[in-house]
Amino acid sequence: MPEPGGFVVAVEYVSVDPAMRRWIAASPVGTAPVAIGAVMEAGAIGRVTASEHPGFAVGEHLYGAFGVQEYAASDGAGVTRLDPSLAPLTAYLGALGITGLTAYFGLLDVGRASAGDTVVVSAAAGAVGSVAGQIARIRGCRAIGIAGGPDKCRWLVDDLGFDAAVDYKAEDVARRLGELAPDGVDIFLDNVGGAILDAVLLHLARGARVVLSGGLSQYNADETRGPSNYLQLLGARASMIGFLTPDYAGRYPQARAELAGWLRDGRLISREKIIEGGVRAFPDALLKLYAGANLGKLIVAVAPPGDSPP
Ligand SMILES: NC(=O)c1ccc[n+]([C@@H]2O[C@H](COP(=O)([O-])OP(=O)(O)OC[C@H]3O[C@@H](n4cnc5c(N)ncnc54)[C@H](OP(=O)(O)O)[C@@H]3O)[C@@H](O)[C@H]2O)c1
């Protein structure tokens, strides 16, 4: 039974995120990793199964930092109520979740995207990237995705409406971008860093915005590698800026409403790859993210929706 003022959720879906690799490693800035034996931190969707909280009723679906576990206790702090009539529950970890919101704020607020801009997105077939390229198209920009393999590149162009895609595993990214964006790149939403960032820096348009969403190529590295071509920013009068999505938390409802409208209209596709197998499937799922096995958002299903607690 929950404590007075608290409730219990049965966790149904757990978000698998690249940043988790960093949460379990010693950090250069000294933040402690998740302790061995502790519950792995994770955003998740759960259903209230018992409540002593006046604001949360049994049966409601919620998003919160419930962790990789089957049941979580909460006092409601940092929890968001979900509306299953607006979109399938798993979309709240995809296009309507933190990754969709990262695409939204990274592109529109930090990148200041406007019609006619040429936008390049790395890890474009992933959760953030696939939404970012689609938002770019909705806002009248040209969207070029960088992804690994012909199937992902085909999906970006044929199914999601990207204007072009570069297969970084088979093509010379710098040369291909020169062909695809002869007038330069106005916005680069970078999820990867490393060699891909260096290649895009060679093609900046004047006044370009390089938006650092993340650095997937660096999260497993013993030593991170900075961009060698950073002096290109100078000639292009360009800026490079990092951001963290939770800084925009006050605007999540407005952004979610707009994203949900695009989902409803069919202008935005939220693709989720759901791995069955419960909590035990989580470690392999995290490895899959780094092996490029996902199209869109990677999620672990913990309990089938509607399952009753013991
Ligand atoms: N700023 C924020 O507040 C914020 C919030 C959420 C997420 N993020 C960041 O956004 C980025 C994308 O996250 P996501 O959840 O959308 O992940 P994701 O893109 O769904 O999944 C990872 C994908 O990245 C690619 N990848 C993996 N290792 C790579 C490497 N070494 N080099 C190049 N590509 C690699 C793989 O695709 P390929 O097959 O194409 O290689 C893989 O499928 C991450 O850097 C994450 O940290 C930032």
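Everything quoted here is computed from the prediction, not taken from an experiment.

Calculation notes
- Residues numbered from 1 in each chain as written.
- Predicted model: local features only at pLDDT ≥ 70, side-chain atom pairs only at ≥ 80, totals over all residues.
- Heavy atoms only, no water.
- Buried < 20%, exposed > 50% of the residue type's maximum accessible area, 1.4 Å probe, protein only.
- Helix = DSSP H or I, 4+ residues; strand = E, 2+ residues; numbered from the N terminus.
- Arc of directions from axis to C-beta.
- Contact = heavy atoms within 4.5 Å.
- Salt bridge = Lys/Arg side-chain N within 4 Å of Asp/Glu carboxyl O.
- Core = buried A, V, L, I, M, F, W, Y, C linked by side-chain atoms within 4.5 Å.
- Phe/Tyr/Trp six-rings, centres within 6.5 Å; stacked < 30°, edge-to-face > 60°.

This paragraph deals with helix α9 (residues 282–290). Those residues of α9 that sit buried are Phe-282, Ala-285, Leu-286 and Leu-289. Relative to the axis of α9, the buried residues are bounded by an arc of 100° and lie together on one face. Seen from the buried face of α9, the exposed residues on the opposite side, beyond 90 degrees, are Asp-284 and Leu-287. Residues of α9 that are buried in the fold lie against α1 (20–23), β12 (272–275) and β13 (297–301). Positive backbone phi, at 75°, marks Gly-292, one or two positions downstream of α9.

A separate point is the pattern of salt bridges. In total, this model carries eleven salt bridges according to the counting rule given. Of the charged contacts, one joins Arg-137 and Asp-163 as a salt bridge, the two residues approaching to 3.5 Å between their closest N and O atoms. Residue Arg-137 is located in helix α3 (residues 127–138), and its partner Asp-163 is located in the loop between α4 (150–159) and β8 (164–167); the two are separated by 26 residues in the primary sequence. With its nearest N and O atoms 2.7 Å apart, the salt bridge here joins Arg-176 to Glu-179. Remark: Glu-179 and Arg-176 occur in helix α5 (residues 173–180); sequence separation between them is three residues, near one turn of the helix. Exposure remark for Glu-179: the relative accessible area of 49% places this residue in the partly exposed category. Connected via shared salt-bridge partners are Glu-171, Arg-176 and Glu-179.

Ile-45, Tyr-104, Leu-107, Ile-135, Leu-156, Leu-259 and Leu-268 are the most contacted members of the largest nonpolar core, which has 52 residues in total. If you list the elements that add at least two residues to this core, you get α2 (98–110), β6 (118–122), α3, β7 (142–147), α4, β9 (185–190), α8 (252–265) and β13. Looking at this core element by element, the count peaks at seven residues for α2. Apart from residues lying up to four places away in sequence, Leu-107 is in contact with Thr-102, Arg-112, Ala-113, Val-119, Ala-132, Ile-135, Ala-136, Ile-187 and Leu-189. The next biggest cluster of nonpolar side chains, apart from the first, holds 26 residues, and it includes Val-9, Val-16, Met-40 and Val-79.

Next up on the list: the packing of aromatic side chains. Evaluated as defined, the whole model comprises five aromatic pairs. Ring geometry for Phe-105 versus Tyr-252: centroids 6.4 Å apart, planes at 35°, classification tilted. On the criterion of sequence distance, the pair formed by Phe-105 in helix α2 and Tyr-252 in helix α8 is long-range, its members being 147 residues apart. Both residues of the pair, Phe-105 and Tyr-252, count as buried. By way of ring pairs, the aromatic residues Tyr-104, Phe-105, Tyr-248, Tyr-252 and Trp-262 are connected into one cluster.

Moving on, we come to the environment of Val-121. Mapped onto the fold, Val-121 is located in strand β6. By relative accessible area, which is 0% here, Val-121 ends up buried. Counting along the chain gives 61 residues from Val-121 to Pro-182, while the straight-line C-alpha distance between them is 17 Å. Excluding residues within four positions of it along the chain, Val-121 makes contact with Gly-129, Ala-132, Gly-133, Ile-144, Gly-145, Ile-146, Phe-188, Leu-189 and Asn-191.

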